Amino acid sequence: MNNRLLLSARNVGKQFMQGSRMRWACQNVSFDLYPGEVLAVVGESGSGKSTLLRLLASRLACDEGSVHYDVRNEAGTAMAAAGASGVFNLAELSEARLRWLARTDWGFVEQHARDGLRMNVSGGANIGERMMALGARHYGKLRGEALSWMERVELDTARIDDLPGTYSGGMQQRLQIARNLVTHPRLVFMDEPTTGLDVSVQARLLDLLRELVDQLHLAAVIVTHDLAVARLLAHRMLVMKDGCVVEQGLTDRVLDDPQHPYTQLLVSSVLTP
Amino acid sequence: MDEHYNFGFLDERTKKMIRRAMLKAVAVPGYQVPFGSREMPFAYGWGTGGVQVTASIIGRSDVLKVIDQGADDTTNAVNIRRFFARTTGVPTTEKTLEATIIQTRHRIPEAALTETQTIVYQVPMPEPLFRLEPRRSETITMHALGEYGLMNVKLYEDIAQLGAISKTYDYPVLVNERYLTSPSPIPKFDNPKMHMNPALQLFGAGREKRIYAIPPYTAVRSLDFEDHPFEIQSWEHACALCGAENSFLDEMIVDDEGSRLFVCSDSDFCSERRSAGHVGTQQAVTMPDTLASARGEEP
């Protein structure tokens, strides 16, 4: 793990209008993320986890604070959107540059695979979309790449031409992961990637994620309410309550020795069969 | 000419507004310029966009030709030609070479166009991405940033499901290597004619209120894959009337036993050839019943 910062959040916050009052959905969140590091954001529903993720991925604009990202430029990506490399405040990047980042250097795995997939084209086309957006125009190579990614995420390659709607929930989630990783991003945002899957499928997906994160040296921000997911995947974790971070630290430390009363409650409320 | 109407039906200020939109369209090849489309004495779908464009550029020295599906004598073509004859009094023609303005629907004439000509297309849907991305705000962003990977996703899907790109008309093109553009519902057979064409090409979409243009000598490339290159249609038969082997053919079923007559879709091209002495077989051909062999029957 090198010491160059990948992503840093500084006092990030977002407020929404509720009735006639403004209410902070998430407030004053700060952390640093290094390449290859996995950060879990845990908390009960409504605690601002997903809002935070959307702020980090620039899908929402920050109302306070800022997100900085180490933008890299590879010689091969001669895009009009490409510019200088270095650490940038995401709010100052052009929309073109942000969209370029979002489909090359980032991945976003949605909670509901339907939101992250293009449901009216086949699995193969879903995997190929990012490559085509970057200018790949060779059908045979696109297909080869799609097949190899389907194998990597343990999907049946015979179903490459099937619509994602015919896939099971777990397969859709795998497809979504393959579709995001095909451009070799450095940072992946995941919003409850295992919610809605049954436990055995969850376990296999987690296994796969752990392997991919390791192989590809991915950094990831994973939003989850499942402490087991955090324990398995994350190096560090943030605990959120009512839009604020109440505790952060190494995963094992937070889970084995929770300091904040809310974290203690959260840890003690997990059922251990 | 009917003196009750202004020259070309539209009032002068409307024509000026449309010309202004066209100037912008010519300056940015392939970019869809919004304009204030007027209510015309036609139903939408009858070429109100094309008619407004033609009405704004037509002058007293022009000669107008109107075609629909390549033919000069179809309902749409006859009516639009009569409309302009009545409201402008300009001479009309069926000969491609004599015309200075050609308004068209579904075809580009077979005869090569020249620098002195303008071809006006009637466009039902100017947005090539509309079946793929329903949000207009999103397609505008995609055009602005040149993000056209999605169109290739569609072509990929065609090859994956059907073995070939299934789009045979309104085949998407990239104009001047910048804007993804719908060529209007012309067959892909005509796409290569748009490339580096000496004539000015104007596109009007009345219902969608957009005008776009391909200026003379502009590069127009049909999208494809390196290993599945763009191809135009071809026929095993020649035109039954004039014997032409390289024109776009209409297939007409002439009886209930599978006989088909192949004739040029461009009626002017066909009659020119016939008067030059070319003769086809004058025969309908019998096509094998492909469905019968698929059912396992003896043909």
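Whatever comes next refers back to the structure up there.
Residues numbered from 1 in each chain as written. Chains lettered and ligands numbered in written order. Predicted model: local features only at pLDDT ≥ 70, side-chain atom pairs only at ≥ 80, totals over all residues. Heavy atoms only, no water.

Novice: Give a description of the interface of chain A and chain B that names residues and reports values.
Specialist: In this complex, chain A contributes 21 residues to the contact, which on the side of chain B involves 21 residues. Both sides of the chain A and chain B interface together cover about 1900 Å² of buried area, and 56% of this is carbon and sulfur. When the area that chain A buries against chain B is broken down by residue, the three leading residues are R99, R137 and Y139 of chain A, summing to 38%. Our count for the contact surface shared by chain A and chain B stands at three salt bridges. A salt bridge links E147 of chain B to R99 of chain A, with the nearest nitrogen and oxygen atoms 2.7 Å apart. The interface formed by chain A and chain B holds 11 residue pairs in polar contact (both at pLDDT 80 or more) in total. Within the residue set of the side of chain A that touches chain B, elements represented by two or more residues are α2 (95–104), α4 (123–133) and α5 (139–152) of chain A. (Contact = heavy atoms within 4.5 Å. Buried area = accessible area lost by both parts, 1.4 Å probe. Salt bridge = Lys/Arg side-chain N within 4 Å of Asp/Glu carboxyl O. Polar contact = N/O pair within 3.5 Å; in protein donor to acceptor, adjacent residues only side chain to side chain. Helix = DSSP H or I, 4+ residues; strand = E, 2+ residues; numbered from the N terminus.)

Novice: Which residues make up the nonpolar core, and what are the values?
Specialist: Counting residues in hydrophobic clusters, the biggest one holds 68 residues, and the most contacted among them are I127, W149 and M237 of chain A together with Y156 and F225 of chain B. The dominant element in this core, judged by the number of residues it contributes, is helix α5 (residues 149–162) of chain B, at seven residues. When near neighbours in sequence (up to four residues on either side) are disregarded, M237 of chain A contacts L39, A40, V42, L227, A230, E247, Q248, G249, T251, V254 and L255 of chain A. Counting 32 residues, the second largest nonpolar core, distinct from the first, contains L6, L39, L56 and Y69 of chain A. (Core = buried A, V, L, I, M, F, W, Y, C linked by side-chain atoms within 4.5 Å. Buried < 20%, exposed > 50% of the residue type's maximum accessible area, 1.4 Å probe, protein only.)

Novice: An account of the packing of α4 of chain A against helix α6 (residues 169–181) of chain A is needed here, citing residue identities and associated values.
Specialist: Residue and element names in this part refer to chain A. Remark: α4 packs on α6, axes separated minimally by 7 Å, with the N-to-C direction vectors making an angle of 30°. Judged on the interaxial angle alone, α6 and α4 are roughly parallel. Of the two possible hands of crossing, α4 and α6 adopt the one that is right-handed. Residues G123, N126, I127, E129 and R130 of α4 lie in contact with α6, whose contacting residues are L175, A178, R179 and N180. Of the residues assigned to the contact of α4 with α6, the class counts are three nonpolar, three polar and three charged. (Axes fitted to C-alpha atoms, helices over the stretch in contact; angles between N-to-C directions. Parallel < 35°, antiparallel > 145°, perpendicular 65-115°, else oblique. Left-handed = near helix turned anticlockwise from the far one by under 90°. Nonpolar A, V, L, I, M, F, W, Y, C, P; charged D, E, K, R; others polar.)

Novice: Explain helix α4 (residues 136–145) of chain B to me, using residue names and the numbers behind them.
Specialist: For α4 of chain B, the complete set of buried residues consists of E138, T139, T141, M142 and H143 of chain B. In the core, the buried residues of α4 of chain B are packed alongside α2 of chain A together with α5 and β6 (179–181) of chain B. Just downstream of α4 of chain B, G146 of chain B is the residue with a positive phi angle, here 65°.

Novice: Mind laying out the packing of helix α2 (residues 48–57) of chain B against helix α3 (residues 75–88) of chain B, listing which residues take part and the relevant values?
Specialist: Residue and element names in this part refer to chain B. Contact pair α2 / α3: the axes reach a minimum separation of 12 Å and the direction vectors enclose 30°. Comparing the axis directions of α2 and α3 gives the class roughly parallel. Relative to α3, the crossing made by α2 is right-handed. Of the residues in α3, those in contact with V51, T54 and A55 of α2 are I80, F83 and F84.

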